[in-house]
Amino acid sequence: MGSGKTRKMAIRSKILSTGSYLPEKVLTNADLEKMVDTSDEWIVQRTGIKQRHIAAEGQYTSDLAIAAAKQALERSGLDGGDIDAVIVATATPDKTFPAVAVKVQAAIGASRGPAFDVEAACSGFIYALGIADNFIKAGQVKRIMLIGAEKISAAVDWTDRTTCVLFADGAGAVILEATEEEEGVISTHLHADGKYSEILNTTGGPSTTGTIGHIYMEGREGFKHAVTFLSEVVQETLEHNDIKPEELDWLIPHQANMRIIESTAKKLNMGMDRVVTTVDHHGNTSAASIPLALDEAVTDGRVKRGQLLLLEALGGGLTWGSALVRF
Ligand code: UT7
């Protein structure tokens, strides 16, 4: 650093506020017992899920996203006009195009800057966070409305017991703001390996069947890779930042399966009292699960300002990733 020059501070993306929305309709394991050959005992034992929220007919992903975004906006004290960009992580947009993000942009009264969706299945929020953080660090925008939103129930085959007991709908939002303080997103780590695309995908899409298709999953393979890749990516995050697991205040994982969450926590030597879990009452809401869990833990006072959070997810692609955040 040359003398006489002002030191340029690094820009970080601070989480200014959070918001969320869950559809009114609750589907319990008892309800599912009436629909397919399953049991509450099997679902709880294998996944940890007890109930989940399902969007109403005529209620779209953008409706969930807009509700979450409006709550985050209200809590931030900002106006829609203060938002420079809108990014929505989703695998279940209302339409092939336009993006859900432009509907959110219009609904919150923002009208400048980019608005687009990110599709990385259940890793979507982590991917979108990485993209948003780089936009902010590059100085291109100052404030981003970042949302994970899914009406994944629309892609569920309600006669397939291997998937219909898992997935659910919802949306979570965060507002990111450029700061020169020592807080916000510290690092993001994104990965994909397309040779595993057959493990978890949908049976259709716009350019193949012209329908959205249904979720297909090789559960055991997904489970195995989730345990391996998530443990690798959390290790990578710790090493990259030269921190020890003891320094983490909270693990906020994608909520696919309680056993996957417990396995990652165990590798980090973290007790479950330092892990935010919502899988029991939210199910697997894909790209919405991490911002939903974050919002719940911020709202009920568990996650406090200044705490160190590790977020991680794995999803179809396979895609996976993590983020270290000083809240
Ligand atoms: O969010 C994206 C990332 N998520 C994932 O990658 C998901 C990862 N995988 C999983 O979470 C678990 O593999 C599942 C929860 C999907 C399944 O649990 P599992 O312990 O791996 O069960 P399994 O697939 O090995 O199935 C065990 C048995 C099978 O019967 P047989 O072949 O042993 O006779 C299944 O047919 O359980 C049966 N089964 C069910 N039984 C009752 C599968 N689904 C059900 C069900 N109710 N809903």
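What counts and how
- Residues take numbers from 1 onward in each chain, read along the sequence in its written order.
- Residues qualify for local features only when their pLDDT is at least 70, as the model is predicted, and side-chain atom pairs are given and counted only at 80 or more; totals for whole chains, interfaces and linings, by contrast, use all residues.
- Values shown for side chains rest on all heavy atoms present in the structure; no hydrogens or waters enter the calculation.
- We call a set of buried Ala, Val, Leu, Ile, Met, Phe, Trp, Tyr and Cys residues a nonpolar core when their side-chain atoms join them within 4.5 Å.
- Note on classification: 1.4 Å probe, protein chains only; a residue is buried when its accessible area is under 20% of the maximum for its type, exposed when over 50%, partly exposed between these limits.
- For the purposes of this entry, the term helix denotes a DSSP run of H or I that reaches at least four residues, the term strand denotes a run of E that reaches at least two, and both are numbered from the N terminus.
- Domain ranges listed in this record stem from an automatic or a database domain assignment.
- Only heavy atoms matter for contacts: two residues are in contact if any of them lie within 4.5 Å across the pair.
- Put simply, buried area is how much 1.4 Å-probe accessible surface two parts lose in total, over both of them, once they are put together.
- Here, a salt bridge means any Lys or Arg side-chain nitrogen found within 4 Å of an Asp or Glu carboxyl oxygen.
- We call a residue near a given molecule or strand whenever any one of its heavy atoms falls within 4 Å of it.
- Pairs of N or O atoms are called polar contacts if they sit within 3.5 Å, as long as, within protein, a hydrogen donor faces a hydrogen acceptor (for residues adjacent in sequence, only side-chain-to-side-chain pairs).
- Note on areas: these come from Shrake-Rupley sampling with a 1.4 Å probe, and a residue is covered only by the protein chains present in the view.
- We call Asp, Glu, Lys and Arg charged. Ala, Val, Leu, Ile, Met, Phe, Trp, Tyr, Cys and Pro are nonpolar, and the rest, Gly among them, are polar.

1. Some points on the nonpolar core
Side chains that are nonpolar tend, in soluble globular proteins, to be buried together. Judged by nonpolar contacts, the single largest core of 39 residues is most densely connected at Ile215, Leu248, Leu251, Leu268, Leu310 and Leu314. Sorting the residues of this core by element identifies helix 7 (219–241), helix 8 (258–267), strand 12 (308–315) and strand 13 (319–326) as the ones contributing at least two each. Ranked by residues supplied to this core, first place goes to helix 7 with six residues. Residue-level mapping places this core at the junction of two domains, with at least three residues from each of domain 1 (12–181) and domain 2 (185–326). Setting aside its immediate chain neighbours within four residues, leucine 268 contacts Val234, Leu238, Pro245, Leu248, Leu251 and Leu310. Formed by 35 residues, the second largest nonpolar core is a distinct cluster that contains Val185, Ala287, Leu294 and Val325.

2. Quick word on the domain arrangement of the protein chain
What the domain assignment lists for the protein chain is domain 1 (12–181) and domain 2 (185–326). Across the contact, 56 residues belong to domain 1 and 46 residues belong to domain 2. For the pairing of domain 1 and domain 2, the buried interface totals around 3,900 Å² over both sides, and the portion due to carbon and sulfur atoms is 63%. It is Cys122, Ile126 and Tyr127 in domain 1 that bury the most area against domain 2; as a group they hold 17% of the surface buried on that side. Seen at the junction of domain 1 and domain 2, the total is one salt bridge.

3. Digging into the site of the ligand
The environment of the ligand is formed by 23 residues, the closest being Thr38, Arg220, His254, Asn257 and Asn284. Between the ligand and arginine 220, the relevant distance is 2.5 Å, taken from an oxygen atom to a side-chain nitrogen or oxygen of the residue. Between an oxygen atom of the ligand and a side-chain N or O atom of histidine 254, the distance comes to 2.8 Å. For the ligand, the protein covers 77% of the area, taking 960 Å² as the surface of the free molecule. Of all the secondary structure elements, the ones that give two or more residues to the shell around the ligand are helix 2 (40–47), helix 6 (161–164), helix 7 and helix 8. Residue composition of the shell around the ligand, grouped by class: 10 nonpolar, eight polar and five charged. Residue assignment places the shell around the ligand across two domains, with domain 1 (12–181) and domain 2 (185–326) each supplying three or more.

4. A short note on the environment of lysine 103
Structurally, the position occupied by lysine 103 is in helix 4 (residues 100–108). Spatially, the C-alpha atom of lysine 103 lies 14 Å from that of glycine 148, the residues being 45 residues apart in sequence. Residues contacting lysine 103, with those up to four places away along its chain left out, are Ser62, Ile66 and Asp94.

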